[in-house]
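Residue-level listing of the chains:
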Amino acid sequence: MTVESTAAHASRRSAGSNAGATGTKRTTSTTGRKTAAAKKATTAKKPATAKKATAAKKAGGAVKSAEPHLVQLLTPEGERVENAEFDQYVEGITAEDLRGLYRDMVLTRRFDAEATSLQRQGELGLWASLLGQEAAQIGSGRALRDDDYVFPTYREHGVAWCRGVDPTNLLGMFRGVNNGGWDPNGNNFHLYTIVIGSQALHATGYAMGVAKDGADSAVIAYFGDGASSQGDVAEAFTFSAVYNAPVVFFCQNNQWAISEPTEKQSRVPLYQRAQGFGFPGVRVDGNDVLASLAVTRWALERARSGEGPTLIEAFTYRMGAHTTSDDPTRYRHDDERAAWEAKDPILRLRRYLESAPHADEGFFAELESESETLGKRVREVVRAMPDPDHFAIFENAYADGHALVDEERAQFAAYQASFDDTDGGK
C-alpha cells in the first residue's frame, strides 16, 4: 500500500492554480452637489458592475475584490519561485533537508491512513484525519526550536511527529485507554485539545509567562478556520496583543468547519482579522511545505525578538472527513476535492525533488518500505494496548479525597459487580 500521494497513482498531471478566498472592496462616495437630473443621468449611465456593487452595499453584502496575497515558494507543478521577503528563511536548506521534509510528510500520511483504517475496523472510537494538511503541519513543525512550546488541537499529528511524540501515543485517547499518552513537558508539546479554540488562550497565557521569565523561546497555537469564529480565539488575540506575548497563531484554513464553508464564517480573509487586534497576519500556501517553513520561521523570530504575536493562515484543504463520524459527500462536491488533489503537498515536493534532482528512485522505494513498516507497527501496538483500570477515573479528582467521589466510586463498583459470572469471576 502506498500513501505517497492521493493523486500520484492516477497520474502526474499538471496542477491547477492556487485558490484563494476573496476579501471586501472599499467603495468611495462622490462629493459635491448634483441636480436631480444629473443624479438621474449618472444612475442611468452606471455600468452593470457598478449597479451590482451598489445593490450589494445596500443589501449589506461584501463586494469581492482580487484574491489576497498568498506566500508561495513551490508551485503545484513543483517549480521553485522566488520571494524577496521569505526566501531568506529557507536559503540554507539542503537537498538532505528537502528529503527529510518529504519523508516527514509521507510517513505522517501513512500513519494517518492506518489510524483511519483502524477506526473503520473498530479498533479506535474516532479519528480526525490530517489528509491534505501535511505540508502546513510539517513545514511549521520543523520551524520550531526545541525550547518552543506547542499547543495543538486534535488534528496536529504531523506537528506531533516533528516534536518526537511516538505516533502510537496519539492513538490511546482515540481508543479510550488514556487522556493522552505523552508527557507534555518531555517534548514541549501539549496534550490534544478537544474543546474548540480554548488552546489559543492556553498558549497566550503560557507565552505571557515566557515573556515574564525573560526567555527567548516562542509559543505556537494551532487551530482551524472553524475555531477562528470562537470567542476564545478573539480573547487570545486581545490579550496577546496587549501584552505583546511571544505567540504565533497558526490557523489551518482547510475550507470547512465540519460542514460550514469558510465564506460563511468570515467576510474577510482570516489572516486580515489580525489587523483589528494590532498585529500582523499573513496567508501562506498551506500545501507548500517550503513556504510554510519559511513563514513560520519568520513569525517565530518575531516572537522571540519581542515583536509580539503573528497570525498565520495556512490556506489548505481537508481531503477527507472532519472526523470518521462525518460524511463530507453530504455538503461538498467531488470536483472541489479533485481541484485540490491537483495541488497535493506531497506530490508537489516530489516533483521538485525529481526535477532538481535531489532524490532518486532508490530513495522513494526505501521510503515506501519504511512507511509499510510504520503501518505494521501502529497496528500491532494499538491492538496490544491494555484496557485501562476501570476505577482510575476516580483517582486524582481531589488531592485529599472527597465524599461524593467515594460515593460515586462505590456505585460504579456495584455496577461493575453486576456483570460478574456465577463463579465470582470478573
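Note that the structure is predicted; figures quoted are calculated from it, not measured.

Engineer: Can you walk me through the packing of aromatic side chains in this structure?
Structural biologist: What characterises a pair of aromatic rings is the spacing of the ring centres plus the angle enclosed by the ring planes. Within this structure, the stated rule accounts for 28 aromatic pairs. Between Y102 and F363 the ring centres are 6.1 Å apart and the planes differ by 50°, which places this aromatic pair in the tilted class. With a gap of 261 residues between them, Y102 in helix α3 (residues 95-120) and F363 in helix α13 (residues 361-383) connect regions that are remote in the sequence. In this structure, Y102 and F363 share a single accessibility class: buried. Ring pairing ties together the aromatic residues F223, F237, F249, F277 and F279, which thus form one cluster. Lying over the aromatic face of W340, K343 brings its terminal NZ or CZ to 3.8 Å of the ring centre.

Engineer: I keep staring at the nonpolar core and nothing clicks. Help me out?
Structural biologist: What tends to happen in soluble globular proteins is that the nonpolar side chains get buried as a cluster. Within the largest apolar cluster, 68 residues are counted, with the highest numbers of intra-cluster contacts made by Y102, L171 and L349. Looking at this core element by element, the count peaks at ten residues for helix α10 (residues 289-304). Judged by nonpolar contacts, the second largest core, of 21 residues, contains A227, A245, C251 and A274.

Engineer: Teacher, can you tell me more about the sheet that holds strand β2 (residues 219-224) here?
Structural biologist: Two modes of strand pairing occur in sheets, parallel and antiparallel, and in both the strands are linked by backbone hydrogen bonds. Strand order in this open sheet of five strands is β1-β2-β3-β7-β6, and the pairing throughout is parallel. Strands at the two margins of the open sheet, each flanked by one partner only, are β1 (149-151) and β6 (281-285). The sheet shows a mean angle of 20° between the axes of neighbouring strands, taken without regard to direction. Relative to β2, β1 runs parallel, the two sharing three bridges. For V150, the partnering residue across the bridge sits in β2 and is I220. Contacts between helix α9 (residues 231-242) and the sheet are confined to β2, β3 (247-253) and β7 (310-315), with β3 contributing the most and set at about 150° to the helix. Strand contacts of α10: β2, β3, β6 and β7, with the helix running at about 160° to β6, the strand carrying the most contacts.

Engineer: When you look at the environment of Q72 in this model, what are you seeing that I'm missing?
Structural biologist: Looking at the secondary structure, you find Q72 in the loop between α2 (48-58) and α3. On the accessibility criterion, Q72 (13% relative accessible area) is buried. Taking the C-alpha atoms as reference points, Q72 and N287, 215 residues apart in sequence, are found 9.1 Å from one another.

Engineer: Honestly, a nonpolar patch on the surface in this entry has me stumped. Any pointers?
Structural biologist: Taken together, the side chains of F239, V242 and Y243 make up a nonpolar region of the molecular surface, amounting to roughly 340 Å² of accessible area. You can see F239 is positioned in helix α9. You can call F239 partly exposed: its relative accessible area is 41%.

Engineer: Just to check I follow, could you spell out α3 for this structure?
Structural biologist: Because each turn of an α-helix spans 3.6 residues, side chains separated by three or four positions end up pointing in the same direction. End to end, α3 covers 38 Å across 26 residues, agreeing with the expected 38 Å (1.5 Å per residue, within 8%). Looking one or two places after α3, you find G122, whose phi comes out positive at around 85°.

Engineer: What is the right way to read the pattern of salt bridges from this model?
Structural biologist: When charged atoms on two side chains of opposite charge get close, those side chains can pair. Taken as a whole, this structure holds 22 salt bridges when the rule is applied. Between D344 and R109 there is a salt bridge, with its nearest N and O atoms 3.1 Å apart. Of this pair, D344 sits in the loop between α11 (334-341) and α12 (345-355) while R109 sits in helix α3; the two residues are 235 residues apart in sequence, bridging distant segments of the chain. Per residue, the accessibility class of D344 equals that of R109, and both read buried. Across the pair R145 and D216 runs a salt bridge whose closest N-O atoms are separated by 3.2 Å.

Calculation rules
- Residues numbered from 1 in each chain as written.
- Predicted model: local features only at pLDDT ≥ 70, side-chain atom pairs only at ≥ 80, totals over all residues.
- Heavy atoms only, no water.
- Phe/Tyr/Trp six-rings, centres within 6.5 Å; stacked < 30°, edge-to-face > 60°.
- Helix = DSSP H or I, 4+ residues; strand = E, 2+ residues; numbered from the N terminus.
- Buried < 20%, exposed > 50% of the residue type's maximum accessible area, 1.4 Å probe, protein only.
- Lys NZ or Arg CZ within 6 Å of the ring centre and 35° of its normal.
- Core = buried A, V, L, I, M, F, W, Y, C linked by side-chain atoms within 4.5 Å.
- Pairing = 2+ DSSP bridges.
- Axes fitted to C-alpha atoms, helices over the stretch in contact; angles between N-to-C directions.
- Contact = heavy atoms within 4.5 Å.
- Patch = residues over 30% accessible without salt bridge, like charges linked within 9 Å, V, L, I, M, F, W, Y side chains within 5 Å.
- Areas by Shrake-Rupley, 256 points an atom, 1.4 Å probe, with all protein chains shown as cover.
- Salt bridge = Lys/Arg side-chain N within 4 Å of Asp/Glu carboxyl O.
- Expected span 1.5 Å × (residues − 1).

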